[in-house]
Each structure stands twice: as structure tokens, then as C-alpha cells.
Amino acid sequence: VKPNILYFIDRTSNLLAYNTITQRYVLIKSFANDIPPGSWFDRMYSSQDNDNYFAFSVVKGGGVYVKHFVWKRSEDRIVWARDSTDTRKLNKSISLSKDGRYVRTTYVPAVTGDVMEEVYDLAAGQKTREVLWTPLTRYLSHGDDGKVFFVGRTTLDNKIISKSFAGPSDEYKDLLRP
């Protein structure tokens with residue numbers, strides 16, 4: 001990990017690195033051949049603590065989600081991907097756990113306005129959770145992912161909660177505010 005290197009994506013298909021000391025940026029990887037024609041990176045992406053794993057959301061016109069994927073830099077390969085042919089799914093987010101083991105995606109099925117959350121264990125190669133959050137449930141939003149759990153604010157009652165990556169979908173813990 002180099003603290004003077006900041007990563008960012010452009011609105012097409014490129015991952016870039018900006019060096020805060022030299023004030024220059026370089027292309028790390030172009031994913032032009034890995035995403036569907038006419039699509040681009042969403043503004044959200046996520047990276048692991050040591051900058052070896054990067055997770056991306058890909059959208060097309062109108063913000064319709066078409067793909068999520070995780071790229072492993074040391075091997076220069078996509079290690080996990082999920083495509084969508086359902087044009088009713090509007091992209092929300094993708095995030096990685098700090099150790100790169102779990103990837104968490106959320107999207108909005110446009111016909112309902114609910115939020116679907118899915119968690120995948122990359123080491124085990126399987127989905128660990130899938131839960132549909134309705135407007136009346138405590139959907140976790142605007143937070144951060146650790147190694148074992150993620151924490152954030154709920155949309156329903158603005159409480160701070162945490163959830164395990166591997167735990168049951170309805171299991172959460174209220175955290176006390178300072």
C-alpha cells in the first residue's frame with residue numbers, strides 16, 4: 001500500500017492511479033473489453049485494503065445496472081462477475097470487505113422501489129446472503145465495510161447498525177451513538 005497513491009475511475013472503462021507527490025496519473029487497467037458495448041463504470045467502486053482487489057459497477061443509459069465485477073490486480077483477471085439482463089434493475093452500489101473476501105451489492109428493482117442486497121464470499125465461491133429490503137425495513141445505507149462486518153445508517157429510522165457478512169440476512173446489531 002502506497003499512501004501517496006489514490007485510485008479513481010473515469011466514466012468510460014479505465015482504472016487510474018494518481019500520485020499525490022508527482023501530481024501525475026497513470027492508467028492501471030482498461031476494462032473496455034470486459035464490459036458490454038455502450039456501457040461505462042458507475043461513479044461507485046470499491047477496493048481492498050492492499051489495493052489488490054477492485055470492485056466495479058457497470059451501467060448503461062438511464063443508470064440501468066448491467067454488471068458487477070471484481071478484478072484481482074496481482075493476477076490481472078476478473079475473479080467474480082454478475083451480469084444482469086433485467087433492465088428494470090437500477091444500480092445502487094458495490095463494495096468489498098477490507099480483506100477482499102466479501103463483495104456486497106445492492107440494486108433497486110425499478111418496479112417496486114425496494115432494495116435488494118446480496119453478499120458473496122469470494123473465498124468460498126458462493127452467495128452468503130440475499131435479502132430484499134422494503135421501504136418499511138431497516139435497509140443499511142451510507143456506511144463502510146470492514147473485514148467481518150459492515151456498519152452504516154439505516155434508511156428507516158436513521159440508526160447506526162452493523163451486520164455480519166456471513167450472518168443471517170435479518171441479523172443486525174444496533175450501535176450506540178457517542
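Please read all numbers here as calculations on a predicted model, not as lab measurements. (Residues numbered from 1 in each chain as written. Predicted model: local features only at pLDDT ≥ 70, side-chain atom pairs only at ≥ 80, totals over all residues. Heavy atoms only, no water.)

Engineer: Go over the pattern of salt bridges with me, naming the residues and quoting the values.
Structural biologist: Once the charged atoms of two side chains with opposite charge are near each other, the side chains can pair. Tallying each qualifying case throughout the model produces 6 salt bridges. Taking the shortest distance from any N to any O, the salt bridge between R77 and E75 comes out at 2.4 Å. The exposure class of R77 is partly exposed, given its relative accessible area of 42%. Residues K127 and E118 are paired through a salt bridge, measuring 3.6 Å at the closest nitrogen-oxygen approach. Taken together, the shared-partner salt bridges in this structure form one network comprising K72, E75 and R77. (Salt bridge = Lys/Arg side-chain N within 4 Å of Asp/Glu carboxyl O. Buried < 20%, exposed > 50% of the residue type's maximum accessible area, 1.4 Å probe, protein only.)

Engineer: Break down the environment of L96 for me, with residues and values.
Structural biologist: Note that L96 resides in strand β8 (residues 89-96). Counting along the chain gives 42 residues from L96 to F54, while the straight-line C-alpha distance between them is 7.7 Å. (Helix = DSSP H or I, 4+ residues; strand = E, 2+ residues; numbered from the N terminus.)

Engineer: Give me the sheet that holds strand β1 (residues 5-9): which residues, what numbers.
Structural biologist: On the basis of which strands lie adjacent, the open sheet formed by 3 strands has the order β1-β2-β3 and antiparallel pairing. Edge positions in the open sheet fall to β1 and β3 (24-30), since each of these has one partner strand only. For this sheet, the mean angle separating the axes of adjacent strands, direction not counted, is 25°. By the bridge criterion, 5 bridges tie β1 to strand β2 (residues 14-19) in an arrangement that is antiparallel. Looking at the pairing, L6 lines up with Y18 of β2. (Pairing = 2+ DSSP bridges. Axes fitted to C-alpha atoms, helices over the stretch in contact; angles between N-to-C directions.)

Engineer: Kindly report on unusual backbone geometry, identifying the contributing residues and their values.
Structural biologist: Backbone geometry follows two general trends: most residues other than glycine have a negative phi, and most peptide bonds adopt the trans configuration. Positive phi, close to 60°, is recorded for D51, a residue that is not glycine. When you line up the elements, D51 lands in the loop between β4 (40-47) and β5 (53-60). With a relative accessible area of 12%, D51 lands in the buried category. One non-glycine residue, D76, adopts positive backbone phi at about 45°. The class of D76 is partly exposed, set by a relative accessible area of 44%.

Engineer: How would you sum up the side chain of K67? Please name residues and give values.
Structural biologist: Its location among the elements puts K67 in strand β6 (residues 64-72). Of the side chains with opposite charge, D83 comes closest to the buried, unpaired K67, at an N-O distance of 4.0 Å. A polar side-chain atom of K67 sits 2.7 Å from the main-chain carbonyl oxygen of D34. Look past the residues within four positions of K67 in its chain and what remains in contact with it is D34, P36, F56, S57, V58, A81, R82 and D83. (Lys, Arg positive; Asp, Glu negative; His and termini not counted. Polar contact = N/O pair within 3.5 Å; in protein donor to acceptor, adjacent residues only side chain to side chain. Contact = heavy atoms within 4.5 Å.)

Engineer: Hey, could you go over the environment of A124 for me, with residue numbers and the actual values?
Structural biologist: Mapped onto the secondary structure, A124 falls in the loop between β10 (115-121) and β11 (126-133). Sequence separation of A124 and Y102 is 22 residues, and the distance between their C-alpha atoms is 9.6 Å.

Engineer: Outline the nonpolar core, supporting the account with residue identities and numerical values.
Structural biologist: Ranked by size, the top nonpolar core spans 14 residues in total, and within it L15, F31, F41, F56, F69 and W71 carry the most contacts. Those elements giving two or more residues to this core turn out to be β1, β2, β5 and β6. Of all hydrophobic cores here, the second largest spans 8 residues; its members include Y53, I94, V103 and Y120. (Core = buried A, V, L, I, M, F, W, Y, C linked by side-chain atoms within 4.5 Å.)

Engineer: An account of the packing of aromatic side chains is requested, with residue identities and associated values reported.
Structural biologist: Per the stated rule, a full pass over the model turns up 13 aromatic pairs. Seen from their ring centres, F41 and F69 are 6.2 Å apart, and the 40° between their planes marks the pair as tilted. Here the residue F41 occupies a position in strand β4, and F69 occupies one in strand β6, the gap between them amounting to 28 residues. Its relative accessible area of 0% is what places F41 among the buried residues. (Phe/Tyr/Trp six-rings, centres within 6.5 Å; stacked < 30°, edge-to-face > 60°.)

Engineer: Outline the pairing of strand β7 (residues 77-83), supporting the account with residue identities and numerical values.
Structural biologist: In the sheet, β6 pairs with β7 via 6 bridges, with the strands oriented antiparallel. Across the sheet, K67 pairs through a bridge with D83, a residue of β7. In sequence, β6 turns back onto β7 through a hairpin of 4 residues, with D76 there showing a positive phi of about 45°.

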